[in-house]
Amino acid sequence: AFKMAKNWSQAGAAFSRAAQLQLQLQSKHEAASLLVDAGNAFKKADPQEAVNCLLRAIEIYTDMGRFTIAAKHHVAIAEIYESDLGDIHKAIAHYEQAADYYKGEESTSSANKCLLKVAAFAAQLEQFPRAIDIYEQVGAVAMDSPLLKYSAKEHFFRAALCHFCVDMLNCKLAVQRYEEMFPAFSDCRECKLLKKLLDAHEEQNVDAFTDAVREFDSISRLEPALTALLLRVKRSIPGEEQDLR
Ligand SMILES: *[C@@H]1O[C@H](CO)[C@@H](O)[C@H](O)[C@H]1NC(C)=O
């Protein structure tokens, strides 16, 4: 009734009390499912309490050996930390835990989805080696799969940009390595962009760098996180002091 009235905190509290009663009756499965209901209700009123309820549900599910569903709720918690509580470090921890459980259940594609979130956050936090590791691993798996081949270039592109943020030469060597491993990479627009950027960087030509980015962006829009990395690289060009974007 509270849920119907959209009284989320009371709904959450009622579900949580019902879960408590089920636990007293040793009905673990019902208790966990009510804690998930509580979590979903609290999500709209009290995100931290939602996390607490989902964590209690996860504890029960992992006890029962239900790791896939536990992973799913770790993702839900990660999303709450990401969008409601603004705590990227905690979001990373829960995406990693989810990836770990998914891997254990042989759900590689779900695990990789979580790891790609970790990589994106790591890049945002300038933890480039951590991001590179993930992008290279996921890219190497994708390039051997007929279904995922198309996405490999995207992972290698992101890995190369992270390398570029650390050091230009690292990026150059990485691009060569990706082309050797995965010849189709050479023909993609991402690789061509990287080569133009490397040349522009080497020649300390800020205009060429900006033009190459603009040209790429006019055909397929670069997401803000990638633009941020590119800007960081551009600022590392000697003689480039201010934002000329
Ligand atoms: C939710 O329900 C409680 C108990 O009936 C009430 O005291 C409270 O004002 C309600 N809150 C909202 C936001 O409607």
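Residues numbered from 1 in each chain as written. Predicted model: local features only at pLDDT ≥ 70, side-chain atom pairs only at ≥ 80, totals over all residues. Heavy atoms only, no water.

- In the annotation of an unreviewed UniProt entry, the entry for the chain reads NSF attachment protein alpha, and the organism field reads Catharus ustulatus.
- One UniProt comment on the chain, placed under Function (unreviewed entry), says "Required for vesicular transport between the endoplasmic reticulum and the Golgi apparatus."
- Looking at the chain in UniProt, the text filed under Subcellular location (unreviewed entry) is "Membrane". (UniProt positions renumbered as here; feature names shortened; annotations may be inferred.)

### Observations concerning the environment of R189
Right, on to step 1. Tracing the backbone shows R189 in helix α10 (residues 189-202).
Right, on to step 2. Note: C-alpha distance between R189 and L21 (168 residues apart in sequence) is 59 Å.
Right, on to step 3. Apart from residues lying up to four places away in sequence, R189 is in contact with E215, F216, I219 and S220.
Right, on to step 4. A distance of 2.8 Å separates polar atoms of two side chains, one belonging to R189 and the other to S220. (Helix = DSSP H or I, 4+ residues; strand = E, 2+ residues; numbered from the N terminus. Contact = heavy atoms within 4.5 Å. Polar contact = N/O pair within 3.5 Å; in protein donor to acceptor, adjacent residues only side chain to side chain.)

### Some remarks on the packing of helix α8 (residues 149-166) against helix α9 (residues 168-181)
Right, on to step 1. Closest axis-to-axis distance for the α8/α9 pair is 6 Å, and the angle between their directions is 160°. Accordingly, the angle class assigned to the pair α8 and α9 is roughly antiparallel. Helix-helix and strand crossings are classified by hand; for α8 and α9 the assignment is right-handed. Facing α8, whose interface residues are F156, A159, A160, H163, F164 and V166, α9 presents M168, N170, C171, A174, V175, R177, Y178 and M181. (Axes fitted to C-alpha atoms, helices over the stretch in contact; angles between N-to-C directions. Parallel < 35°, antiparallel > 145°, perpendicular 65-115°, else oblique. Left-handed = near helix turned anticlockwise from the far one by under 90°.)

### A closer look at the pattern of salt bridges
Right, on to step 1. Across all of its chains, the model carries 14 salt bridges by this definition.
Right, on to step 2. One salt-bridge network, held together by shared partners, links E154, R158 and E223. (Salt bridge = Lys/Arg side-chain N within 4 Å of Asp/Glu carboxyl O.)

### A few points about the site of the ligand
Right, on to step 1. By nearness alone, every residue bordering the ligand is listed as F2, N7 and Q10.
Right, on to step 2. Between the ligand and N7, the relevant distance is 2.2 Å, taken from an oxygen atom to a side-chain nitrogen or oxygen of the residue.
Right, on to step 3. Considered on its own, the ligand offers 360 Å² of accessible surface; in the complex 27% of this is hidden by protein. (Near = heavy atom within 4 Å. Areas by Shrake-Rupley, 256 points an atom, 1.4 Å probe, with all protein chains shown as cover.)

### Some remarks on the nonpolar core
Right, on to step 1. The biggest cluster of nonpolar side chains holds 81 residues, and the ones touching the most others in it are Y95, C162, V175, F185, L194, L197 and F209.
Right, on to step 2. With nine residues, α8 is the largest single contributor of residues to this core.
Right, on to step 3. If we ignore the near neighbours within four places in the chain, the residues touching L197 are F164, F209, A212, V213 and L230. (Core = buried A, V, L, I, M, F, W, Y, C linked by side-chain atoms within 4.5 Å. Buried < 20%, exposed > 50% of the residue type's maximum accessible area, 1.4 Å probe, protein only.)

### Quick look at the packing of helix α3 (residues 47-63) against helix α4 (residues 67-83)
Right, on to step 1. At a minimum axis separation of 9 Å, α3 and α4 run at an interaxial angle of 165°. Comparing their axes, α4 and α3 come out roughly antiparallel. Classified by chirality, the crossing of α4 by α3 is left-handed. Note on element contacts: α4 touches α3 through F67, I69, A70, H73, H74, A76, I77, I80 and Y81, opposite P47, Q48, A50, V51, L54, L55, I58, Y61 and T62.
Right, on to step 2. Tallied by class, residues from the contact of α3 with α4 come to 14 nonpolar, four polar and no charged. (Nonpolar A, V, L, I, M, F, W, Y, C, P; charged D, E, K, R; others polar.)

### Focus: helix α12 (residues 224-235)
Right, on to step 1. The end-to-end C-alpha separation of α12 is 16 Å, in line with the 16 Å expected for twelve residues at 1.5 Å each.
Right, on to step 2. Listing the buried residues of α12 in full gives L226, T227, L229, L230, L231, V233 and K234.
Right, on to step 3. Lining the buried residues of α12 we find α6 (108-124), α7 (128-143), α8, α10 and α11 (206-219). (Expected span 1.5 Å × (residues − 1).)

### Notes on the side chain of E179
Right, on to step 1. Among the structural elements, E179 can be located in helix α9.
Right, on to step 2. Given a relative accessible area of 18%, E179 falls into the buried group.
Right, on to step 3. At 2.7 Å, the side chain of E179 forms a polar contact with the side chain of S186.
Right, on to step 4. If sequence neighbours within four positions are ignored, E179 has contacts with F185, S186, C191 and K195.

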